[in-house]
Each structure stands twice: as C-alpha cells, then as structure tokens.
Amino acid sequence: MDYPVSVDENGLKLKPEKMEKEKLYHCMFKNKAMLVFKDFQDVLNCYEIEDVDLVEKIRKHGDDDLEKIFNDYLKEQT
C-alpha cells in the first residue's frame, strides 16, 4: 500500500482514503516533523513538531518507534 502522507515543494500531501483509523503517520517538511492521523470519526488531525532533538529522533527511527519516541520525550520533560 502507498504511504498516505508525503510532501513536495508546495507542502503536505495527504491520501486519507489510504489511512488506517487511529494510526499515526509522519513525514518531514522544512526541518519539521509533520504527524497525521485519522481518528475513529474519520477526522484528520495534523501536528507540526519543531523541537530539533525530537525531529531528529523521528527522522532516524520513523513510524515503527513513534509511540516510544513520544513516551520517552514526555518522560524527559517531567
């Protein structure tokens, strides 16, 4: 299956019909991590992350470790 989130020079491109509900997707755009998911009501949610350390972790580890990356980040912040 094609990855439903991509970017080009104009910005973020989404294919919501290819997204699984409640699954987090990401892509990188202009040194930012863009996070997208479709909730159980088919509403699209998009978040932009600018924190340099967090963006780099997301860039290195990708979708497989996103939940762990965010859990570790939140622990570090407390």
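Shown above is the structure to which this text applies.
Summarised in this report is the structure supplied together with it.

The rules behind the values
- Residues numbered from 1 in each chain as written.
- Predicted model: local features only at pLDDT ≥ 70, side-chain atom pairs only at ≥ 80, totals over all residues.
- Heavy atoms only, no water.
- Helix = DSSP H or I, 4+ residues; strand = E, 2+ residues; numbered from the N terminus.
- Expected span 1.5 Å × (residues − 1).
- Buried < 20%, exposed > 50% of the residue type's maximum accessible area, 1.4 Å probe, protein only.
- Arc of directions from axis to C-beta.
- Contact = heavy atoms within 4.5 Å.
- Pairing = 2+ DSSP bridges.
- Axes fitted to C-alpha atoms, helices over the stretch in contact; angles between N-to-C directions.

## Points about helix α2 (residues 66-77)
The end-to-end C-alpha separation of α2 is 17 Å, in line with the 16 Å expected for twelve residues at 1.5 Å each. Every buried residue belonging to α2 is among Leu 66, Ile 69 and Phe 70, and all of these are buried. Looking straight down α2, one finds that the buried residues subtend no more than 95° of arc, so they occupy a single side. Exposed positions of α2 whose direction lies more than 90 degrees from the buried face are Glu 67 and Lys 75. On its buried side, α2 packs onto β3 (24-29), β4 (32-38), β5 (44-49) and α1 (52-61).

## A word on the sheet that holds β5
As summarised here, the arrangement of the three strands in space is β3-β4-β5, forming an open sheet in which the pairing is antiparallel. Unpaired on one side and paired on the other, β3 and β5 mark the two borders of the sheet. Averaged over all pairs of adjacent strands, the angle between strand axes in this sheet comes to 20°, irrespective of strand direction. Bridge count for β3 against β4 is six bridges, and the pairing is antiparallel. Bridge pairing in β4 links Tyr 25 to Val 36.

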